[in-house]
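# Structural overview for review
One letter stands for each residue in the lines below.
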Amino acid sequence: MYEFSYHKAASLKDALDTLQSADDGKLLAGGMTLLPTMKQRLAAPDQLIDLAGVKELAGIEKHDNHVVIGAMTRHAEVASSELIESTIPALAALAELIGDPQVRNRGTLGGSVANSDPAADYPAAVVGLGATVITDNRSIEADEFFVDMFETELEEHEIITSISFPIPDTAAYMKFPNPASRYAVAGVFVARFGSTVRVAVTGAGGSVFRQDAMEKALEADFSPAALEGIVVSADGLNEDIHASAEYRAHLVGVMAKRAVAACLEI
Amino acid sequence: MAMLVSTTINGDATDFSCEADETLLDALRNRLSMTGVKEGCGTGDCGACSITLDGALVCSCLVLGAEAQGRSIETVEGMSDGEKLHPLQQKFLEHAALQCGICTPGFLVAAKVLLEKNPNPTESEIRYALAGNLCRCTGYDKIVRAVQDAAAQMRRA
């Protein structure tokens, strides 16, 4: 790693002030991507701001028909939260399938979402549930938040404080994990709110995206059979040593059907 | 600029100084001569540097030394009771669940965390709990058997 200064922020304001006064400050949330990137000398911030002690970023609460999760909540906390298990069990199950225990004990919701890795799991839940990303100065709807690979709507000196997830009637997430990293080769989050259905895909494209054709078909008939015959285009999908674009397109269809089946417990 | 970090390591109050860009792994090995914790990949993939931080299993190569301020750390050095090995350590020996040994301290710490939460894990639960620890020579079967056997012994104790 290149040399940097370390500051443990005492409050959200302290974190923002330090971030604004640094030449190239970076926020240390869980560090599961940032620290390896710095070790590989692909990032060289001069100031790291540790958010672990910032109380405004902690906590899991239910507000009416939403579950609001603090940005510094670790994946393991989401996976084991009774409140999340009883309101959005699909979200707890998603967190339980991220990486490995060491990653789940350190990685955070806010860090994952801000990083916008194309194969991360959380973006599928954020878009699939139509969540709202709340920052220090505004609220950003999920559909506006993710821009592209490692790119979001966040401004340079903006900090995610929490994410508000609407509680669906039913939801499920199914992914085909890379067997080594357990990142999603393709993952599909399906959620139904009354007569509205949302289908979000991660891992397959540059960034999480919705599947309009599947949503319409499922709004007419919420069953795996309704997805028969919907062809997912391989155009623009990711292609790497793990999977071709065509294979990913196929996996999106398979994972979507499995997610709907899981919603129906069939 | 070096920082002074105060921690509790394996039950003992322990202070060390470290630079901002020093990992907890490096501080443990180089500042405190605790060489039980190993560096494998250095990027959080292999789990050889596994320790617990306030009871949670983490890769110490992806924790900064400075982040350990005020925290409680446990490493493989804290597992045995003097000369008496922890049942996991004893069973790893009996089942030959290691060859080169680089991954072993990480596996032991990870398995200890599992058995403290779940004294009677299934094979699937053991494999899930040890998913962040890679072994490139023994293979996982003997490791799983050693953990099962240690769990059985600890339940009888």
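For every chain, the first residue of the written sequence is number 1, and numbering continues from 1 along that sequence. Chain labels run from A onward and ligand labels from 1 onward, assigned in the order the entries are written. In keeping with the model being predicted, local features are shown solely for residues with a pLDDT of at least 70 and side-chain atom pairs are shown and tallied solely at 80 or more, while totals for entire chains, interfaces and linings include all residues. The side-chain numbers reported here are obtained from all heavy atoms of the structure, hydrogens and water having been left aside.

Here we come to the side chain of Thr73 of chain A. Residue and element names in this part refer to chain A. Tracing the backbone shows Thr73 in the loop between strand E5 (66–70) and helix H3 (75–80). The class of Thr73 is buried, set by a relative accessible area of 2%. At a separation of 2.7 Å, a polar atom in the side chain of Thr73 contacts the main-chain carbonyl oxygen of Gly70. For Thr73, the residues in contact, after removing those within four places along its chain, are Leu57, Gly59, Ile60, Val78, Gly107, Thr108 and Leu109. Each helix corresponds to a stretch of at least 4 residues labelled H or I by DSSP, and each strand to a stretch of at least 2 residues labelled E; elements are numbered beginning at the N terminus. Exposure classes here rest on a 1.4 Å probe applied to the protein chains alone. A residue is buried below 20% of its type maximum, exposed above 50%, and partly exposed in between. In protein, a polar contact requires one atom able to donate a hydrogen and another able to accept it; more generally it is a pair of N or O atoms within 3.5 Å, and residues adjacent in sequence count only if both atoms are side-chain atoms. Should any heavy atoms of two residues lie within 4.5 Å, those residues are considered in contact.

A separate point is the environment of Thr8 of chain B. All names here are of chain B. If you trace the backbone, Thr8 turns up in strand E1 (residues 3–9). Considering only alpha carbons, one finds Thr8 and Glu74, 66 residues apart in sequence, at a separation of 8.4 Å. Contacts of Thr8, omitting those with residues within four sequence positions, involve Ala13, Thr14, Arg71, Ser72 and Ile73.

This brings us to the packing of aromatic side chains. All names here are of chain A. Any two rings among Phe, Tyr and Trp, with Trp reduced to its six-membered ring, count as a pair given centres within 6.5 Å; such a pair is stacked if its planes are under 30 degrees apart, edge-to-face if over 60, and tilted if neither. In this structure the tally under the stated criterion is four aromatic pairs over all chains. Look at Phe176 and Tyr247: their rings are 6.1 Å apart centre to centre, the planes differ by 85 degrees, and that puts the pair in the edge-to-face class. Remark: Tyr247 occurs in helix H11 (residues 245–263) and Phe176 occurs in strand E11 (residues 170–177); sequence separation between them is 71 residues. Note on Tyr247: relative accessible area 35%, which makes it partly exposed. Across the ring face of Tyr2, the terminal group of Arg41 is positioned such that the distance to the ring centre comes to 4.2 Å. One cation-aromatic arrangement involves Arg192 over Phe222; the distance from NZ or CZ to the ring centre is 5.6 Å. Two conditions define a charge located above a ring, namely a distance within 6 Å from the ring centre to NZ of Lys or CZ of Arg, and an angle within 35 degrees of the ring normal.

Let us look at the pairing of E1 of chain B. Residues and elements named next belong to chain B. The two faces of E1 differ: Met3, Val5, Thr7 and Ile9 on one face are buried, but Leu4, Ser6 and Thr8 on the other face are not. Any two strands with at least two DSSP-identified bridges between them are counted as paired. Pairing between E1 and strand E2 (residues 12–18): seven bridges, direction antiparallel. If you follow Thr8 over to E2, its bridge partner there is Ala13. Strand direction decides the pairing type here: E1 and strand E5 (residues 72–74), joined by two bridges, are parallel. If you follow Ile9 over to E5, its bridge partner there is Ile73.

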